[in-house]
Amino acid sequence: MKKLSFYIFATVLATTFLFTSCEKDPVVQLSDESILPETFGIDIPTAISQEPSTLKSAQVDTLRGNVIYHHLSTFIHVGDAGGEMVREIIHAISSHNINSAMSFSYESDDDGRTKNLEVIENVTFDGGAWEFQLTITDADSEGNEDGGKAIQIFWNRNPIDGIAILKPYNIDRNTEEEFANAMFRIDYNEAGTQEYDVYMMVYVTGLPLENPLDNPYSMSTLKMFAGRRGDIVDVYGNTNHPNATFFAGNSGFNWAFVASGDRVSDIGVAEVGLPPSNLDEPSRSVLLDYYSIKNVFTRELYEVWPTIDPESVEAYLFNTEAPGFFDTNGFIVGGTSPGSEFDEIESRLPNLSPYNPKEITNLIIEFKDN
């Protein structure tokens, strides 16, 4: 499974702002006999899914709204990379001519270890019935608590509908040991809904946290929805950052967000809230209004400096207004729309809502037992 480890490891490293991109292609070219799904994931407009750049987590005395929005687009990029990662896995697996139920062993090109692959038919998982289940395990780890499971994919072919669960450490044992508990799950559905032609869900858990003195904003978990209708892609979800802190020394925040982007013009609009990680609250008004960037920053600034000059507060609050506007180069401005071309996607935001922060903090991904 050549090059597989690169995409797995690169996606993990995205959370530390070291992601290396690859060219997106939503369709995997498979042989006519293959039973594997040809598509698995939605490409999110670059405007709201930015690769990490030289903009690093700023010190609290220079933190601005643009840094919060910039980090958001990087976090969305992690979720966006999940779909790409699964497509690369399917492409790698396809070299084994998966055309029916089967099982065999092979030596991984990545870590030189024996992997066991099994495809079975007509299974159930997570409340759904699936035509096929593919499981890959690391043979020498099958006695471990996780059964050595590296990859599980459940799917139906018409329309394409599936779940992919990945554990990078068992895919490629050259993966750094600190990522041993990292897991990814991508749900993809082409049957669509009343609102969307296709959609996907991305879950990430077990990511290691950086030293908070180096990067207090590193991510531990993520849950994100992305739905596409025509050329418009809506995205919403949360990322959890247990060490995140702003002005008052309080630590543990979610980036709770809703966003919409246009794939053709490559523009986007996003709204961000910063609720506490332990908050047990699903309400959109609480997550995005009460805990808006501007409100959180304002409360914390006056908590630390009750007599602070209002002009200084305004300086801190630069670009904290919602929503934030993005183009191909990333964040443009907060609060005031740059032009009428943003009207359609901006109007979609009130109908989107993040998840309960406590749910994201306690997020778990599990393989099927058998």
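What counts and what doesn't
- Residues numbered from 1 in each chain as written.
- Predicted model: local features only at pLDDT ≥ 70, side-chain atom pairs only at ≥ 80, totals over all residues.
- Heavy atoms only, no water.
- Core = buried A, V, L, I, M, F, W, Y, C linked by side-chain atoms within 4.5 Å.
- Buried < 20%, exposed > 50% of the residue type's maximum accessible area, 1.4 Å probe, protein only.
- Helix = DSSP H or I, 4+ residues; strand = E, 2+ residues; numbered from the N terminus.
- Contact = heavy atoms within 4.5 Å.
- Polar contact = N/O pair within 3.5 Å; in protein donor to acceptor, adjacent residues only side chain to side chain.
- Pairing = 2+ DSSP bridges.

**Observations regarding the nonpolar core**
Next up, step 1: Among the nonpolar cores identified, the biggest contains 73 residues, and Phe246, Trp255 and Leu274 are the most heavily contacted of them.
Next up, step 2: When residues in this core are grouped by element, the largest group, 11 residues, is from helix 2 (residues 65-93).
Next up, step 3: Ignoring any residue separated from it by four or fewer positions in sequence, one finds Leu274 in contact with Ile68, Phe246, Phe253, Asn254, Trp255, Leu287, Tyr291, Ile293, Val296 and Phe297.

**Focus on the side chain of Asn238**
Next up, step 1: In this structure, Asn238 sits in strand 9 (residues 232-245).
Next up, step 2: Taking relative accessible area as the criterion, Asn238 reaches 0% and is therefore assigned buried.
Next up, step 3: Within the local environment of Asn238, its side chain forms a polar contact with the backbone nitrogen of Tyr355, the two atoms lying 2.7 Å apart.

**Focus: the pairing of strand 11 (residues 267-273)**
Next up, step 1: A large share of strand 11 lies buried, amounting to 7 of its 7 residues.
Next up, step 2: Burial along strand 11 is two-sided: Ile267, Val269, Glu271 and Gly273 and Gly268, Ala270 and Val272, pointing in opposite directions, are all buried.
Next up, step 3: Where strand 10 (residues 251-262) meets strand 11, 7 bridges bridge the pair, whose relative direction is antiparallel. In the sheet register, Ala256 faces strand 11, and the bridge partner there is Gly273.

**Looking at the pairing of strand 10**
Next up, step 1: The buried fraction of strand 10 amounts to 11 of the 12 residues, a majority that puts the element mostly inside the structure.
Next up, step 2: The sheet contact formed by strand 9 and strand 10 spans 11 bridges and is antiparallel. Opposite Asn240, over in strand 10, you have Asn254 as the bridge partner.

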